[in-house]
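# Structure assessment
Read off the chains here:
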Amino acid sequence: MRRNHSTTPRTPRVLGSLLLLAAAGGFALGAAPEARAAAPTPLGRVVPAPASVTPGGTPYRVTRATGIRVDDSAEVRRIGGYLAGVLRPSTGYPLPVTDRGTGGIRLHLADGDFGAEGYRLRSGAGGVTLTARTPAGLFHGVQTLRQLLPAAVERKTVQRGPWSIAGGTVQDRPRYAYRGAMLDVSRHFFTVAQVKRYIDQLALYKVNELHLHLSDDQGWRIAIDSWPRLASYGGSTQVGGGPGGHYTKADYREIVRYASSRYLEVVPEIDMPGHTNAALAAYAKLNCDGTAPPLYTGTQVGFSSLCVSKAVTYDFVTDVVRELAALTPGRYLHIGGDEAHSTAHGDYVAFMDRVQPVVARYGKTVIGWHQLTGAHPARGALAQYWGQDGTGAAEKAQVVAAARNGTGLILSPADRLYLDMKYTRGTGPGTDWAGLVEVERAYDWNPGAYLAGLPASAVRGVEAPLWTETLKKSADIEYMAFPRLAGAAELGWSPAATHDWNAYKVRLAAQGPRWDALGVHYYRSPQVPWPAR
Ligand code: NGO
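For clarity, every value in this text was computed on a predicted model and none was experimentally measured.

## A short note on the pairing of strand β11 (residues 209-213)
The element β11 is extensively covered by neighbouring structure, given that five of its five residues are classed as buried. Of the strand pairs in this sheet, strand β10 (residues 178-184) and β11 are connected by five bridges, and their pairing is parallel. Its bridge partner lying in β11, L183 is registered against L212. Where β11 and strand β14 (residues 265-272) come together, five bridges link them in parallel fashion. Note on β14: the bridge partner recorded for H213 is E269.

## Some words on the site of the ligand
The environment of the ligand is made up of 13 residues, and the closest members are R187, D338, Y418, D420 and E469. Taking E339, its side chain carries an N or O atom lying 3.2 Å from a nitrogen atom of the ligand. Computed on the free molecule, the ligand has an accessible area of 350 Å², of which 96% lies beneath the protein chains in the complex. When the residues that make up the shell around the ligand are grouped by side-chain class, the tally is seven nonpolar, one polar and five charged.

## Remarks on the packing of aromatic side chains
Following the criterion strictly, the structure yields 29 aromatic pairs and no others. Plain terms: the ring middles of Y314 and F351 are 6.0 Å apart, the flat faces sit at 45° to each other, and that makes the pair tilted. Of this pair, Y314 sits in helix α9 (residues 311-326) while F351 sits in helix α10 (residues 345-361), and the two are 37 residues apart along the sequence. Accessibility expressed as a relative area gives 0% for F351, which makes it buried.

## Some points on the pattern of salt bridges
A full pass over the atoms with the stated rule returns 25 salt bridges. For D113, the salt bridge goes to R173, with nearest N and O atoms at 3.1 Å. One end of the pair, D113, is in the loop between β5 (104-109) and β6 (119-124); the other, R173, is in the loop between β9 (168-172) and β10, and 60 residues separate them in sequence. Residue class for D113 comes out exposed when judged on its relative accessible area of 63%. Its relative accessible area of 36% is what places R173 among the partly exposed residues. Here D200 makes a salt bridge to R262, at a shortest N to O gap of 2.8 Å. With D200 in helix α5 (residues 192-203) and R262 in the loop between α7 (249-261) and β14, the pair connects residues that are 62 residues apart, well separated along the chain. Linked by salt bridges that have partners in common, D72, R77, D99 and R100 make up one network.

## A closer look at the confidence of the model for the chain
Overall, the prediction assigns the chain a mean pLDDT of 93, with 93% of residues at 70 or greater. When the criterion is pLDDT under 50, residues 1-37 qualifies, and its contacts beyond four places in sequence or with other chains add up to 39 contacts.

## A closer look at the sheet that holds β14
One closed barrel holds the eight strands; their spatial order is β10-β11-β14-β15-β16-β17-β18-β19, and the pairing between them is parallel. Going across the sheet, the axis of each strand differs from the next one's by a mean of 30°, ignoring polarity. Together, β11 and β14 form the strand contacts of α7, whose direction differs from that of β14 by roughly 135°.

## Notes on unusual backbone geometry
Of note, the bond from M272 into P273 is cis; its omega dihedral lies within 30 degrees of zero at 0°. Inspection of the secondary structure puts P273 in the loop between β14 and α8 (277-282). Omega for the bond connecting G428 with P429 falls within 30 degrees of zero, at 0°, which places this linkage in the cis form. Mapped onto the secondary structure, P429 falls in the loop between α12 (414-417) and α13 (439-443). Phi at H275 takes a positive value of approximately 55°, unusual for a residue other than glycine. Assignment of secondary structure puts H275 in the loop between β14 and α8. Although it is not a glycine, E339 adopts a positive phi angle of roughly 45°. If you trace the backbone, E339 turns up in the loop between β15 (332-336) and α10.

Rules used in this analysis
Residue indices begin from 1 for each chain and proceed along its sequence in written order. A pLDDT threshold of at least 70 governs which residues receive local features in this predicted model, and a stricter bar of 80 or more applies before side-chain atom pairs are shown or counted, although totals over entire chains, interfaces and linings include all residues. Side-chain numbers come from the whole structure's heavy atoms, not from hydrogens or water. Relative accessibility decides the category of a residue: with a 1.4 Å probe and only protein chains considered, values under 20% of the type maximum give buried, values over 50% give exposed, and everything between is partly exposed. Only DSSP runs of H or I reaching four residues or more are called helices, and only runs of E reaching two or more are called strands; each is numbered from the N terminus. When DSSP finds at least two bridges between two strands, those strands are taken to pair. Nearness is defined per residue: one heavy atom within 4 Å of the molecule or strand is enough. Polar contact criterion, stated in full: a pair of N or O atoms within 3.5 Å, where within protein one must be able to donate a hydrogen and the other to accept it, and residues adjacent in sequence count only if both atoms are side-chain atoms. Here the accessible surface of atoms and residues is derived via Shrake-Rupley with a 1.4 Å probe, and residues count as covered only by protein chains that are part of the display. All amino acids are sorted into three groups, where Ala, Val, Leu, Ile, Met, Phe, Trp, Tyr, Cys and Pro are nonpolar, Asp, Glu, Lys and Arg are charged, and the leftover types, Gly among them, are polar. In this analysis, rings of Phe, Tyr and Trp, with Trp reduced to its six-membered ring, are considered paired at centre separations within 6.5 Å, and the interplanar angle assigns stacked below 30 degrees, edge-to-face beyond 60, and tilted for intermediate values. By definition, a salt bridge exists where a carboxyl oxygen of Asp or Glu is found within 4 Å of a side-chain nitrogen of Lys or Arg. Looking at any residue, its pLDDT shows the predictor's confidence there, from 0 to 100. Contacts were defined at the residue level, with two residues in contact if any of their heavy atoms lie within 4.5 Å. In this analysis, axes come from line fits to C-alpha atoms, helices being fitted only over the stretch in contact, and the angle between any two N-to-C directions falls in the range 0 to 180 degrees.

Right, dumping it as structure tokens:
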């Protein structure tokens, strides 16, 4: 058998240059015959499962002569450049991005029944053509194309081919328009580079919403010019008492730009009226008694509240919403609203009645955690459900009633999609307040039929939140997110008819070598038939 490259983190330099030479000379070096003859990945063995797959015909082989042919449009050219950026290091081929010639890999915009994010991939001996109505559709098609190539394509040094893509047609479009992942940058701060790394991992699975939890008791993470101490002081620590940090406006714009280059919309969250100790610590006047509490570095919840009766509270909220909206090309602004245990119910309702119109005034749509349904959700608002099986019947009824009244739902059941839950008792880091969530449990449920009595049209999508009380570095994020995030992405994208744990776990297993090649740290769940390393 051919040596599996995934067993070595990096191709040794000498071998790397030999391979480069080989590639330059146009001959394959040292690949065992069986490897060279290896069948390409079956069409459709990708995550998320495509809506429809028609295999057949001759595979297309990417070679030194392959070009990436794009429409004469800056955005399509940019997507072509992105694809070339993935393929060049590992294939060693030049892969020019051009609007001339025939054959090769073609990225093409055309009218058709693709929806806002769908695409068609056609592969045969003469080439591969991706067609979509929108650049987002082409970008998602590119992710499918990547997964149809061998995992070694993700490496940063020249690898042996062959680089074949199975013949046939994939016709694909998402089940839900909202397919999200949340990162809590408050409990532990994550740098722009760390967020970008996660964005790249999300894009691979066609996730299109990045929800950033920008404020909480332990840290305020976004610069607000009119209230500078929020970030400079309120952002100066984190759980466990580290230095914390915050994004300048330039940093934040860079995150938004990078996300949008991967077709993710950023959903900023400022959590209120609870989860506000960092703000209350930064400005004494925000407290009902005029006294600032100390910064907080523990992990309790529910002890802080903005002062609902003070006028300055709404000056603060208006300034923050205005500045944040100005940084946000996306449609949504998330106002939290969870666990306001230190706010009287009447105050909570009054606060939400005053704050939601402020969000609308600055042109954004409200998202709130599902406790917002206990107040008066604004017209068009979305509620993010984070309950769990077997408890909270009254709350579920309240959420269903709101949905029947027109409030859209994003589903993030804590005992399914909370990526901070431990997989098993023995795996760390993470927590277990909503139980242990192994890979099968995270995947094996139907968002369309999740809450009894919910109109199916109320479900706008799913989101996998990653809370970071116990997570400090990118490797921690990745270990908790992978493989479960892939399952959440599939629940958001793939038609219900494709849902099948036994089929999914085989497709998921094929992601393992890809994550190895990308250097993604993941949990090798015994539920998944990973190929040997
Ligand atoms: C809850 C709580 C968060 C915690 C998280 C930990 C929501 C919406 N509020 O989820 O503050 O970080 O659990 O799992």
